[in-house]
Amino acid sequence: RFFRKMYKGEYFTWLSQLGAQKASSPVKSIQTPSGTTLNQQDCTDTPVSYARGKSDQLGRVSLTEYRIRYDPSITDAPAYWAHQARTVLSWVRGFETVCSGSFARGDIKWFVEGQLNASYNCVDRHAFQDPDRVAIIFEGNEENEGRNISYGELLEQVCKVAWVLKESGVRKGDIVAIYMPVTPEAIVAILACARIGAVHSVIFAGFSPAALRTRVVDAKCKAVITADESRRGSKTINLKNIVDAAVEDCPFLTTVIVHKRAADGTCKMKTGRDMWWHEECSKWPCYIPPEPLNAEDPLFLLYTSGSTGRPKGLMHTVGGYLVGAAVTTKHVFDVRDGDRFFCGGDIGWITGHTYLVYGPLLLGVSTLVFEGTLAYPTYERYWKIIEKHRVTQLHSSPTALRMIKKAGDKYVGGDLSSLRTIGCVGEPLAPEVWKWCHEVIGKGKIHIVDTYFQTETGSNVLTPLVGMIPPKPGSVTLPFFGIRPAILDPLTGEEIQESSREGVLAFKAPWPSMARTIYGYHSRFMETYMNPYKGYYFTGDAATRDEDGYYWIRGRVDDVINVSGHRLSTAEVEAALLKHPAVAETAVIGVQDDLTGQALNALVALKPGKDHAETLEAEFKAQVRKEIGPFATPKAVFIVDDLPKTRSGKIMRRILRNLVEGKTDQLGDTTTVSLATAFEPS
Ligand code: WT7
């Protein structure tokens with residue numbers, strides 16, 4: 001019945017176009033730097049399972065295997081990426097130009113003439129091959145809550161929501177905000193946008209109404225897709241109320257689609273704007289043809305924090321992003337047919353986009369969608385999920401792993417024999433946590449991959465590859481195929497060749513999944529990433545490279561703070577605090593924290609005449625919660641008389657950080673500081 005419903009003629013036109021494209025893929029031979037000739041088909045298209053023969057046990061990994069693939073991917077990067085693009089994706093129209101543009105001009109393009117559709121690649125091609133295969137394993141907040149969604153069902157749901165969007169006037173190129181909990185419907189919403197060529201902008205559901213509004217207004221979103229409520233642990237959050245508060249008087253916003261979760265389902269609906277997901281979906285057919293998009297058409301915006309108060313909407317494009325997502329998911333985590341991939345990241349961040357939604361679905365495996373938290377009802381939750389669903393990969397964060405470790409070894413247990421890889425991303429994974437994962441969770445048999453990437457890079461750029469790169473706890477190891485990192489002297493911009501000297505991390509050649517611009521603000525994109533070191537993409541992180549060529553990330557060199565893997569900008573939090581009537585001046589700093597990596601501390605100088613009332617600290621914390629969201633609340637607030645500044649008026653955060661951390665002997669050079677003595681934490 002499924003096939004009868006789907007086969008409607010138009011689909012076959014698509015398929016025949018695809019066939020024509022595939023046949024034209026060229027096969028090339030390449031010379032490695034050491035002079036060996038390699039047939040590209042043999043070395044870059046080798047399925048991971050082939051390499052795995054040598055690496056089923058930790059320690060028996062083949063760095064040679066990595067070299068055989070990495071070297072040619074650098075010698076002729078366009079050939080490498082073109083081959084990947086043709087292997088992992090289905091195109092409606094082929095491309096001839098693999099890559100054009102330069103960092104210096106900020107006009108990078110990939111697979112220029114190509115046309116494709118993301119939802120087709122994530123859903124249709126698997127649904128038509130094997131409609132009953134599980135696409136999404138949903139594990140709800142409560143342990144008995146959940147269901148499986150097959151690729152066939154997913155296709156139907158995506159098509160229906162695509163219809164709803166289309167019928168409410170959303171067109172190709174329009175931007176749609178998605179403010180949803182981590183549920184299958186969030187994935188459906190994302191893919192429905194992609195299907196009709198609308199650009200999704202997922203906004204983390206922990207953001208406050210004010211923060212949501214800023215992002216909806218910045219992109220002039222035409223529609224918002226949300227749910228009436230979300231459940232995490234013992235908390236229920238009314239998302240629809242937050243959306244209502246956020247989008248009041250947004251003239252460009254015409255539609256709010258609400259997925260109903262609450263049993264009573266009685267949230268207020270605004271006539272003419274709000275509609276129930278289930279009611280609308282029931283009106284439309286279960287198939288809509290995917291819109292062919294140009295490879296360089298935008299797929300999504302994802303807002304992240306930078307060194308100014310204004311969040312930036314990084315724009316990713318269809319072709320390049322999908323190639324990066326598919327190829328890295330496959331190689332970094334060793335994904336094989338039939339795997340069940342569990343990414344604990346939120347869909348509101350890049351990890352969720354790439355490794356919860358796009359990566360696993362592009363590969364046609366099952367992705368596990370978990371709405372709850374790792375501590376609810378107890379710290380055993382992750383292991384119970386892994387046992388219940390026979391999870392093969394767990395992708396998590398250092399904070400999550402630290403929390404589980406701190407809760408105690410007694411919580412780790414159950415049958416984890418299905419689990420082959422544990423990945424993490426977002427902040428440094430300390431060697432002792434690495435070892436704990438390896439020994440206590442993995443019993444020495446599970447691969448640990450500490451991966452490095454950014455919202456801007458789209459997919460992993462420095463990362464261990466299961467079975468190919470021997471790990472070193474604390475290091476993100478080596479570059480992914482086709483990626484050319486460099487460590488630069490921060491002052492001269494010269495490449496640092498010698499090992500173990502710290503510099504800033506940059507990349508010297510473009511890769512397909514890199515962000516193309518900041519939405520509506522290309523000059524800021526250039527200033528932030530391309531102009532600091534001409535000819536390079538600048539990450540904002542410091543790093544070193546050891547004698548084996550392994551990379552070690554040393555933290556941000558800009559005003560970005562990393563709390564539990566959430567990226568926050570000091571300027572954004574400061575701007576929130578400055579809206580409080582008692583605040584004259586403030587400096588927000590990140591101080592070391594055992595659990596969250598870094599913690600936010602705010603130092604506040606009051607306006608003249610304002611008393612240091614008892615309640616002020618709590619008011620300031622509430623202010624940040626209101627402006628940004630609970631996850632950005634400062635851990636400590638200090639009321640101070642004044643803030644140390646350079647003579648040119650810049651606040652000296654370095655000094656403040658050392659003072660708060662009690663490192664008064666490490667204040668460094670204070671000769672240019674005025675008023676340094678005025679600081680007295682209360
Ligand atoms: C920044 C990017 C949560 C999604 C992934 C992060 C830091 C990322 C590592 C790592 C040390 C890391 C960097 C980077 N970071 N991975 N393995 N070791 N630091 O995406 O929110 O865009 O943040 O996270 O500072 O620049 P993001």
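Residues numbered from 1 in each chain as written. Predicted model: local features only at pLDDT ≥ 70, side-chain atom pairs only at ≥ 80, totals over all residues. Heavy atoms only, no water.

Definition in use: UniProt positions are given in the numbering used here, feature names are shortened, and annotations may be inferred rather than shown by experiment.
Under an unreviewed UniProt entry, the name given to the chain is Acetyl-coenzyme A synthetase, and the source organism is Bionectria ochroleuca. Of the chain, the UniProt comment under Sequence similarities (unreviewed entry) reads exactly: "Belongs to the ATP-dependent AMP-binding enzyme family." Taken verbatim from the UniProt record of the chain, the Catalytic activity (unreviewed entry) comment is "acetate + ATP + CoA = acetyl-CoA + AMP + diphosphate".

### A closer look at the overall build of the chain
Our working rule: Strands are runs of DSSP state E lasting at least two residues, helices are runs of H or I lasting at least four, and both sets are numbered from the N terminus onward. Remark: exposure states derive from per-residue accessible area (1.4 Å probe, protein chains only) relative to the maximum for the residue type, with buried under 20%, exposed over 50%, and partly exposed in between. Two residues form a contact once any of their heavy atoms are found within 4.5 Å. Areas reported as accessible are Shrake-Rupley estimates using a 1.4 Å probe. Residue values count occlusion only from the protein chains shown.
In terms of helices and strands, the chain carries 21 helices and 34 strands. The buried share among the 682 residues of the chain stands at 60%. Long-range pairs, those at least 24 residues apart, make up 71% of the contacts in the chain between residues at least 6 apart in sequence. Summing over all exposed atoms, the chain offers an accessible surface of approximately 25500 Å²; the carbon and sulfur share of this is 51%.

### Here's the deal with the pattern of salt bridges
Formally: By definition, a salt bridge exists where a carboxyl oxygen of Asp or Glu is found within 4 Å of a side-chain nitrogen of Lys or Arg.
Summed over the entire model, instances satisfying the criterion amount to 35 salt bridges. One salt bridge in this structure joins R390 and D415, with 3.3 Å as the shortest N-O distance. Remark: D415 occurs in the loop between α16 (398-407) and β21 (421-424) and R390 occurs in the loop between α15 (381-389) and β20 (393-396); sequence separation between them is 25 residues. Residue D415 is classed as partly exposed on the basis of its relative accessible area, which comes to 33%. The salt bridge partner of E495 is K508, with a shortest N-O separation of 3.1 Å. Highlighted residues: E495 in the loop between β23 (485-488) and β24 (503-507) and K508 in the loop between β24 and β25 (517-518), separated in sequence by 13 residues.

### Thoughts on the UniProt feature "domain: AMP-binding enzyme C-terminal" (unreviewed entry) in the chain
According to UniProt, the "domain: AMP-binding enzyme C-terminal" (unreviewed entry) feature falls on residues 572-650. Taken end to end, residues 572-650 has its terminal C-alpha atoms 16 Å apart, with 24% of it in helix and 35% in strand.

### Concerning the site of the ligand
Defined as follows: By convention in this text, a residue qualifies as near a molecule or strand provided that one of its non-hydrogen atoms is within 4 Å of it. Nitrogen and oxygen atoms within 3.5 Å of one another constitute a polar contact, given that in protein one can donate a hydrogen and the other can accept it, and given that sequence-neighbouring residues count only through two side-chain atoms. Throughout this entry, Asp, Glu, Lys and Arg are counted as charged residues, while Ala, Val, Leu, Ile, Met, Phe, Trp, Tyr, Cys and Pro are counted as nonpolar. The remaining residues, Gly among them, count as polar.
Close to the ligand lie 19 residues, the nearest being T451, T455, D541, R556 and R567. With respect to the ligand, the side chain of Q454 contributes an N or O atom lying 2.9 Å from an oxygen atom. Interatomic distance of 2.5 Å between a side-chain N/O atom of D541 and an oxygen atom of the ligand. Within the complex, the protein chains bury 94% of what would otherwise be the 560 Å² of accessible surface of the ligand. Contributing elements (two or more residues each) for the shell around the ligand: α14 (350-363) and β27 (551-556). In the shell around the ligand, the residues fall into seven nonpolar, seven polar and five charged.

### Description of the pairing of strand β18 (residues 340-343)
What counts here: Criterion used throughout: strands pair if DSSP finds at least two bridges between them. With the strands pointing away from the viewer, any crossover whose connection runs clockwise from the first strand over the helix to the second is right-handed.
For β18 and strand β19 (residues 366-370), the ladder comprises three bridges, and the chain directions are parallel. Its bridge partner being in β19, R340 is matched across the sheet by S366. Handedness of the β-α-β unit built from β18, α14 and β19 comes out right-handed. Looking at chain direction, β18 and β20 are connected through three bridges and run parallel. Within the sheet, the bridge partner assigned to C343 lies in β20 and is H395.

### Some words on the nonpolar core
This is how it is decided: Take the buried residues of types Ala, Val, Leu, Ile, Met, Phe, Trp, Tyr and Cys, join any two whose side-chain atoms come within 4.5 Å, and each joined set is a nonpolar core.
In terms of nonpolar packing, the biggest core is built from 122 residues, with F111, L154, L322 and Y358 touching the most fellow members. Top element by residues in this core is helix α9 (residues 184-196). It accounts for ten residues. Listed in part, the 51 residues of the second largest apolar core include V224, L239, W276 and I628.

### Focus: unusual backbone geometry
In this model, Y376 is joined to P377 through a cis peptide bond whose omega is -5°. Note that P377 resides in the loop between β19 and α15. For R390, which is not glycine, the phi torsion reads 50° and is therefore positive. Positive phi, close to 45°, is recorded for K443, a residue that is not glycine.

### Some remarks on the packing of aromatic side chains
Convention followed: To pair, rings of Phe, Tyr and Trp, with the six-membered ring standing in for Trp, must have centres within 6.5 Å; the planes then decide the type, stacked if under 30 degrees apart, edge-to-face if over 60, and tilted in the middle. Comment: the charge-over-ring label is applied if NZ (Lys) or CZ (Arg) is within 6 Å of the ring centre and within 35 degrees of the ring normal.
Counted under the stated rule, the structure contains 33 aromatic pairs. Ring centres of F370 and Y382 lie 6.4 Å apart, and the angle between their planes is 70°; on these two criteria the pair is classed as edge-to-face. Here F370 is found in strand β19, whereas its partner Y382 is found in helix α15, with twelve residues between them in sequence. Relative accessible area serves as the criterion here: at 8%, F370 is assigned to the buried category. Taking relative accessible area as the criterion, Y382 reaches 5% and is therefore assigned buried. For the pair Y382 and W383, a centre-to-centre distance of 6.5 Å together with 85° between the ring planes defines the contact as edge-to-face. For the cation-ring pair, R86 lies above F95, with the distance from its terminal atom to the ring centre recorded as 4.2 Å. Just above the ring of W276 sits the side chain of K260; from NZ or CZ to the centre is 5.3 Å.

### Let's talk about the environment of W436
Mapped onto the elements, W436 comes out in helix α17 (residues 431-441). In sequence terms W436 and D409 are 27 residues apart; their C-alpha atoms lie 9.4 Å from each other. In this structure W436 touches L401, I404, K405, D409, V412 and I441, once residues within four positions along its chain are discounted.

### Comments concerning the environment of G426
Inspection of the secondary structure puts G426 in the loop between β21 and α17. Along the sequence, G426 and P360 sit 66 residues apart, while their C-alpha atoms lie 19 Å from each other. Among residues more than four places away in sequence, those in contact with G426 are T451, N562 and G565.

### Brief notes about the environment of P131
Inspection of the secondary structure puts P131 in the loop between α7 (118-129) and β6 (134-139). For P131, a relative accessible area of 14% translates into the label buried. Here the alpha-carbon distance between P131 and I225, two residues 94 residues apart in the chain, equals 26 Å.

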